[in-house]
Structure formats: structure tokens, C-alpha cells
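Below, each chain spelled out in residue letters.
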Amino acid sequence: FNFLINIDENSPLTQQELPLIIEFKKSDDKIRGIPITTEIHVTITGRNFIKLSIDKQDLVPDEYNDITFTIKNEGTAKTGTIDFVLNIPSPLILIGSDNKWSLGSIAPSSEITLKTQIYAPLSTAGQTIQISGQLTFSNSLGTQQSETRTVDIKINKEIVIVTIMI
């Protein structure tokens, strides 16, 4: 049998003992036999909620832009080890990395930062581009889960500076 239990969001994240009474009824709605009274042990675990953010949304075209990605656990349970894959669409170029990181676990309200560089060619000036990050980790129940988070960046329009010498 599967049972759904409504747990108060402020319940402590511990093992709880819940009473369980099983009674056998026939179609005439009369209880038959001896009721079984027992306790079941339920472990209340927290949840992971992973947020991906970036320190700047505006990149300069034709430059190596220093970028910091932040992966934060806004949930109530510690994650397992995180495998992180950053998907940078062409023609942007990720500098100094193969776009894959193996990170430690992240405790609730904690974060990990990744510093890297992205080169934006002149042809991308004025565009808004979506970067996605795929996170794979074990949740509080030990189940492997994979989530994708996205951030938007804008490539500034090309600014032409003309210097006139008199």
C-alpha cells in the first residue's frame, strides 16, 4: 500500500514515529476481526532546490569577459556530489575549460562559485543569448536527479569610438 502523508513544512528533518491502525471492514461497514495498532517509522528529509546565477548579464563583444557562475542550494537538504555541465551556444566560446566540472556537495543555504571567461565575437553584438547548466546529483533520498537551469546574457552593441585629431 502507498500512503500520502501531509507533513507540515516546519517539521524537523528527523525520523518520526507515526501511529497506524488497520481495521478490516466489510461492505456492511461493520468492523470485523481485531484491529491492528502499530507505529511506522518515517524519515522526513528535506528537498534540494538548486539555483544558477551569473555575476553579469552584459558581455562586451570581441573581448574575453570574466564571468562568475554561482550554484546555490536554496533547499533544506544537502546535495550529493554535483556534476555540472555548462552549455555555451556557438559562436560564444568558453575559455580555459572543457565545460564540465565535478563539484562537492552543497549544504542548504550554501553556494559554490565557478570563475571562467567567455569570448563573444563581434557578430553577436546586440543579441541576447541563453546559457544552460545541467546539474546531476543525488538528492536526500539517494536518488540520482538531473536538472537544467538557464541564465540569459546580452551582448552589448558594438560601440565605435572615433577620435579626430586636429
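Notes on the structure follow. In this text, all values refer to a predicted model and were calculated from it rather than measured experimentally.

Time to look at the overall build of the protein chain. Counting secondary structure elements, the protein chain contains 0 helices and 11 strands. Along the protein chain, from the amino end to the carboxyl end, the secondary structure elements read β-β-β-β-β-β-β-β-β-β-β. Computed over the C-alpha atoms, the radius of gyration of the protein chain is 26 Å, more than 25% above the 15 Å expected from 2.2 N^0.38 for a compact globule of 166 residues. Each principal axis of the C-alpha atoms in the protein chain carries an extent, and together these give about 105 × 35 × 25 Å. Split into buried and exposed, the 166 residues of the protein chain put 30% on the buried side. Pairs at least 24 apart in sequence give 64% of the contacts found in the protein chain among residues at least 6 apart. When the accessible surface of the protein chain is summed, it comes to about 11400 Å², and 51% of that surface belongs to carbon and sulfur atoms.

Now for the sheet that holds strand E5 (residues 63-73). With antiparallel pairing, the 4 strands of this open sheet are ordered in space as E3-E5-E9-E7. On the outer flanks of this sheet lie strand E3 (50-54) and strand E7 (93-95), each paired with one strand and no other. Taken over all neighbouring pairs, the strand axes of this sheet differ in orientation by 35 degrees on average, direction set aside. Note: E5 against strand E9 (residues 111-120), 10 bridges, orientation antiparallel. The residue bridging Lys72 from the neighbouring strand is Glu111, located in E9.

The tally for this structure, following the rule as stated, stands at 2 salt bridges. Among the salt bridges present, the one from Lys51 reaches Glu74, with a minimum N-O distance of 4.0 Å. You can see Lys51 sitting in strand E3 and its partner Glu74 sitting in the loop between E5 and strand E6 (82-87), a full 23 residues away along the chain. A residue is classified by how much of its surface remains accessible, and Lys51, at 40% relative accessible area, is partly exposed. The residue Arg149 makes a salt bridge to Glu147 at a minimum N-O spacing of 2.7 Å.

What follows deals with the packing of aromatic side chains. Within the structure shown, the criterion is met by 2 aromatic pairs. Measuring from centroid to centroid gives 5.3 Å for Tyr64 and Tyr119, while their planes differ by 45 degrees, and the two rings are tilted. One end of the pair, Tyr64, is in strand E5; the other, Tyr119, is in strand E9, and 55 residues separate them in sequence. Tyr64 sits in the exposed class, given a relative accessible area of 51%. Arranged with centres 5.8 Å apart and planes meeting at 35 degrees, the rings of Phe84 and Trp101 form a pair that is tilted.

Rules used throughout
- Residues numbered from 1 in each chain as written.
- Predicted model: local features only at pLDDT ≥ 70, side-chain atom pairs only at ≥ 80, totals over all residues.
- Heavy atoms only, no water.
- Helix = DSSP H or I, 4+ residues; strand = E, 2+ residues; numbered from the N terminus.
- Rg over C-alpha atoms; globule rule 2.2 N^0.38 Å.
- Buried < 20%, exposed > 50% of the residue type's maximum accessible area, 1.4 Å probe, protein only.
- Contact = heavy atoms within 4.5 Å.
- Areas by Shrake-Rupley, 256 points an atom, 1.4 Å probe, with all protein chains shown as cover.
- Pairing = 2+ DSSP bridges.
- Axes fitted to C-alpha atoms, helices over the stretch in contact; angles between N-to-C directions.
- Salt bridge = Lys/Arg side-chain N within 4 Å of Asp/Glu carboxyl O.
- Phe/Tyr/Trp six-rings, centres within 6.5 Å; stacked < 30°, edge-to-face > 60°.

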